[in-house]
Amino acid sequence: MTTANIRLLPLETPTPRPGYIPYRYARHWRSDIERANPLQPGIAVFMTQKAYIRANVHAQSDLDNEIGGWMIGSWRADQNTGEEFIVVERCLPALHVLRGSAYVTFTQDSQVAMFEIMEEKFPDKELVGWYHSHPKMSVFLSNYDLFLHNSFFPHPWQVALVIEPHGSTAGFFIRDAAGNLDNKAYYGFHELTLGKYHSVVRWTNMKEEITESPGVMENEDE
Ligand SMILES: [Zn+2]
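Residues numbered from 1 in each chain as written. Predicted model: local features only at pLDDT ≥ 70, side-chain atom pairs only at ≥ 80, totals over all residues. Heavy atoms only, no water.

A.B. asks: Got a minute to help me understand the pattern of salt bridges in this structure?
C.D. replies: Opposite charge on two side chains permits them to pair, given that their charged atoms come into close proximity. Tallied over the entire structure, the rule returns six salt bridges. A salt bridge links E208 to R27, with the nearest nitrogen and oxygen atoms 3.3 Å apart. Linking E208 in strand β12 (residues 206–209) with R27 in strand β2 (residues 26–31), this pair joins segments that are 181 residues apart in sequence. For E208, a relative accessible area of 25% corresponds to the partly exposed category. (Salt bridge = Lys/Arg side-chain N within 4 Å of Asp/Glu carboxyl O. Helix = DSSP H or I, 4+ residues; strand = E, 2+ residues; numbered from the N terminus. Buried < 20%, exposed > 50% of the residue type's maximum accessible area, 1.4 Å probe, protein only.)

Laid out in structure tokens, this is it:
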């Protein structure tokens, strides 16, 4: 496979804009893998309820073939602590994807189309990652997924979300602080509820980490 020199991302390495990490407006969901092993993601991942629903509806729309798309949002560093985080605000279904039961392909055409949409509709947003489904497979990144991730989403803060629509399991693949990515170790995320009481999360392999009082950091004794 000839893959050299397909580079569609901007060449400059930007720095995150300042913000406030929104722990107090979010529910923390941790994956089964994360609860069993101490893992440390390089970045905190937040997702709005709207984006969560969009990705899941898309994944449920085809139970035989993989679907996929882009995750658009913000990349920020907390003004007080410097902790970096992303907020997934939009999920954009990929339009020019070649679909098959075993893989989803992001083509050069589809990447170009996506950047055009971003420039036109979301000029202040960042491409924070991508999502795709794994019908009747487990939640992991295949070698091909890793190739796509490293080719099209090479920044340390860009993430991949895999959803299995039959059993409703899922996981975020997040690089660690050194930039390494484990293709089997997936994380949960922070559901951005923005003060709403109800959660929309239905993934069966996630458990909420309950904190005593919202706005206060979690206890260490878990
Ligand atoms: Zn895959």
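Alright, that's what it looks like, and here's the rest.
A.B. asks: Just to check I follow, could you spell out the coordination of the zinc ion for this structure?
C.D. replies: At 2.0 to 2.7 Å from the zinc ion lie its protein donor atoms, namely H132 (NE2), H134 (NE2), D145 (OD) and D145 (OD). What the four donor atoms of the zinc ion show is an angle range of 53 to 164° at the metal, which sorts the shape as irregular. For H134, a relative accessible area of 2% gives the class buried. (Donors = N, O, S within 2.8 Å, 3.2 Å for Na, K, Ca; no water. Tetrahedral: all angles 85-135°; square planar, octahedral: opposite > 155°, others 65-115°.)

A.B. asks: Sorry, what's going on with the nonpolar core here?
C.D. replies: It is characteristic of soluble globular proteins that their nonpolar side chains tend to be buried jointly. Core analysis: the largest hydrophobic core is formed by 29 residues, its most contacted members being V45, M47, M71, L161, F172, F189 and W203. At the level of secondary structure, the elements contributing two or more residues to this core comprise β3 (44–48), α2 (49–60), β4 (68–78), β5 (84–93), β8 (126–133), β9 (159–164) and β10 (169–173). The biggest single contributor to this core is α2, with four residues. Listed in part, the 19 residues of the second largest apolar core include I72, L141, F153 and V162. (Core = buried A, V, L, I, M, F, W, Y, C linked by side-chain atoms within 4.5 Å.)

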